[in-house]
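Residue-level listing of the chains:
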Amino acid sequence: MTTNYRFSFGPWNIHSGMDNFGPAVRDEFSFAEKLEFYKQLGFDGVQFHDDDVVSNADDPWAKQEAEARLMRRRLDEYGLEAEFVAPRLWEHPLTIDGAITSNSAQARKYALDRSKRSIDIAHIVGCRNIVLWPAREGTYMREAKDPVAAVARLVDWMNALLEYDKDIRILGEMKPNEPMDHAYVPTTGHFLGLASLTIDPLRVGTLIESAHTILAGLDPSDEMAYALYHKKLWSVHLNDQNGLKFDEDKSFGVVDLRRAFNQVWVLERNGYGQNGEFIGLDVKALRTQLKESSTKHLSNSRAIFLRLVELCRSLDVAKVEELRATRDYEELDLLIVNHLLGG
Ligand code: GLO
Ligand code: MG
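Bear in mind the structure is a predicted one, so any value in this text is a computation, not a measurement. (Residues numbered from 1 in each chain as written. Chains lettered and ligands numbered in written order. Predicted model: local features only at pLDDT ≥ 70, side-chain atom pairs only at ≥ 80, totals over all residues. Heavy atoms only, no water.)

(A) Quick peek at the packing of helix α11 (residues 317-325) against helix α12 (residues 329-340). Between α11 and α12, the least distance of the axes is 8 Å, while the angle of their chain directions is 155°. Looking at the two axes, α11 sits roughly antiparallel to α12. For the pair α11 and α12, the crossing hand works out as left-handed. Across from Lys319, Val320, Leu323 and Arg324 in α11, the residues of α12 making contact are Tyr329, Glu331, Leu332 and Leu335. Split into classes, the residues belonging to the contact of α11 with α12 amount to five nonpolar, no polar and three charged. (Axes fitted to C-alpha atoms, helices over the stretch in contact; angles between N-to-C directions. Helix = DSSP H or I, 4+ residues; strand = E, 2+ residues; numbered from the N terminus. Parallel < 35°, antiparallel > 145°, perpendicular 65-115°, else oblique. Left-handed = near helix turned anticlockwise from the far one by under 90°. Contact = heavy atoms within 4.5 Å. Nonpolar A, V, L, I, M, F, W, Y, C, P; charged D, E, K, R; others polar.)

This is the structure we're talking about:
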C-alpha cells in the first residue's frame, strides 16, 4: 500500500535489553550498523539526542562540530533525514536533580549551554526541531523544589533558546512520571499553556508519545486531537502500553488495537504528515528477543500502522455518521470492532 507517511525512530530504539533489574542481554549494534537498518526497515528519519550525534556533549565545540558534520555526511549518504535533536539533560552528574528546574544555578547554566549546543548540532545535521523531554523536571518528594519557580524556569529556558536562534522550534514531549514521582508539566495541555507564555508561541509545539498519555490516564488519540486543533502536533512517538505501570514502549498496537486505530484515524483525518511531520516510533524490543531479530518491533509497528491506515480508509464513514446521528453507539461499537476483525 502506498501512503505518504514517512517514518522515524531514534538509535536508542535498537538496544541491548538492559533494564533496571538486569544487564544487557544482547550485544549492542554499533551506530553504523543501526544506520544500515533504517532504510531496510522502511524508515527515512533519524531522531537524535545531542550525544547520539556527537560522542560527548561536553567535548570542546570544535570536536563536536566536526563530528556533527561527519554525521550529516553519513545521513546524506544513506538518504536519511534528521528529524530532531533532543539535549540529553537527564544523565549528567550535574543534572541529577533536574536540569532546567534544578535548585542549582550551576546545573541550570549547564542545561542551557548544552541546549544551545544542541541547536548548533541540529543546524549542522539539517533540522530545526529541538525536543524537550523534561525527564527530571519534577520531584521525588513535593517539598524538594519551589513549584512556581520551576514552571517559571521552564518558560525562561524556552525563551532563552527561542532568542538564541530565530529558526528553531521547540517540541515538548510530556510524560507525567518516571523517572520522577511527579513531573511539573505532565501533559500536552499543561505544556501548551506554557507555550503561550513564551516570546514566540508559534515556534513551540508538541511531540506526543502514546504511552506517556496512557500513563497520565488519558487517551492518546484525544491528546493528539487537542494538539492538532492547536496546529501543534509536530511529531509523535507511537507505541503501546499495558496499563498504569512503568513506561513499556511496546510495539504500536500490540496491546490495544482499537486505541491504536483511533490514533491513526485522528492523524489521517487531520492531515498529519502533510507538512513533513514524521510518524515517529518510540518502541523497545522485548527483553527476551535474540539480537538477530531485535529490530522486529520497529518493522512490526510500522506494518501495524500501515494496516490501520488501510482500515481507516476503508471504514464506512457514512455509516459512522448515521450511527452518531441516531446515537446508536452500541451499533457503532460493533461496526468498529467488526471492522478491526476484518469484516
Ligand atoms: C522516555 C522518552 C524518551 C524520549 C527521548 C527523546 O520516556 O520517551 O525516550 O522520547 O529521549 O527525547
Ligand atoms: Mg518518547
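(B) Focus on the coordination of the magnesium ion (ligand 2). The protein atoms that coordinate the magnesium ion (ligand 2) are Glu173 (OE), Glu209 (OE), His237 (ND1) and Asp282 (OD), at distances spanning 2.0 to 2.3 Å. One can describe the site at the magnesium ion (ligand 2) as octahedral: its six donor atoms subtend angles covering 81 to 171° at the metal. Spacing between the donor residues of the magnesium ion (ligand 2) along the chain follows E-x35-E-x27-H-x44-D. Taken together, the positions of Glu209 in strand β8 (residues 204-209) and Asp282 in the loop between β10 (279-280) and α10 (296-314) put the pair 73 residues apart, joining distant regions of the chain. Each member of the pair Glu209 and Asp282 is classed as buried. (Donors = N, O, S within 2.8 Å, 3.2 Å for Na, K, Ca; no water. Tetrahedral: all angles 85-135°; square planar, octahedral: opposite > 155°, others 65-115°. Buried < 20%, exposed > 50% of the residue type's maximum accessible area, 1.4 Å probe, protein only.)

(C) Spotlight on the layout of surface pockets. Roughly 1,400 Å³ of volume is contained in the largest pocket. For the largest pocket, the lining is made up of 39 residues, of which Met18, Asp19, Asp247, Asp249 and Lys284 are closest to its centre. Residue composition of the lining of the largest pocket, grouped by class: 14 nonpolar, seven polar and 18 charged. (1 Å grid on protein atoms, 1.4 Å probe; cavity = no way out; pocket = protein on both sides within 12 Å on 5 of 7 lines; lining within 4 Å. Points joined across faces, edges and corners; volume = space filled by probe spheres on them.)

(D) Region of interest: empty space enclosed by the protein. Here the structure, examined in full by the defined rule, presents three cavities of 30 Å³ or more. Empty space within the largest cavity amounts to approximately 50 Å³. What lines the largest cavity is Met174, Pro186, Thr187, Thr188, Leu207, Ile208, Glu209, His212, Thr213, Ala216 and Glu223. When contributions to the lining of the largest cavity are tallied by element, the ones reaching two or more residues are β8 and α7 (210-215). Considering each element in turn, the lining of the largest cavity owes the most residues, three residues, to β8. Broken down by class, the residue content of the lining of the largest cavity amounts to five nonpolar, four polar and two charged. In this model, the second largest cavity occupies a volume close to 50 Å³. Every residue lining the second largest cavity is listed: Trp133, Pro134, Ala135, Glu173, Met174, Lys175, Asn177, Glu178, Met180, Ala183 and Val185.

(E) Up close: the side chain of Glu223. Positionally, Glu223 belongs in helix α8 (residues 220-229). Of the buried charged residues, Glu223 lacks a salt bridge, with Arg259 as the closest side chain of opposite charge at 13 Å. Ignoring any residue separated from it by four or fewer positions in sequence, one finds Glu223 in contact with Thr187, Thr188, Ile208, Thr213 and Leu218. (Lys, Arg positive; Asp, Glu negative; His and termini not counted. Salt bridge = Lys/Arg side-chain N within 4 Å of Asp/Glu carboxyl O.)

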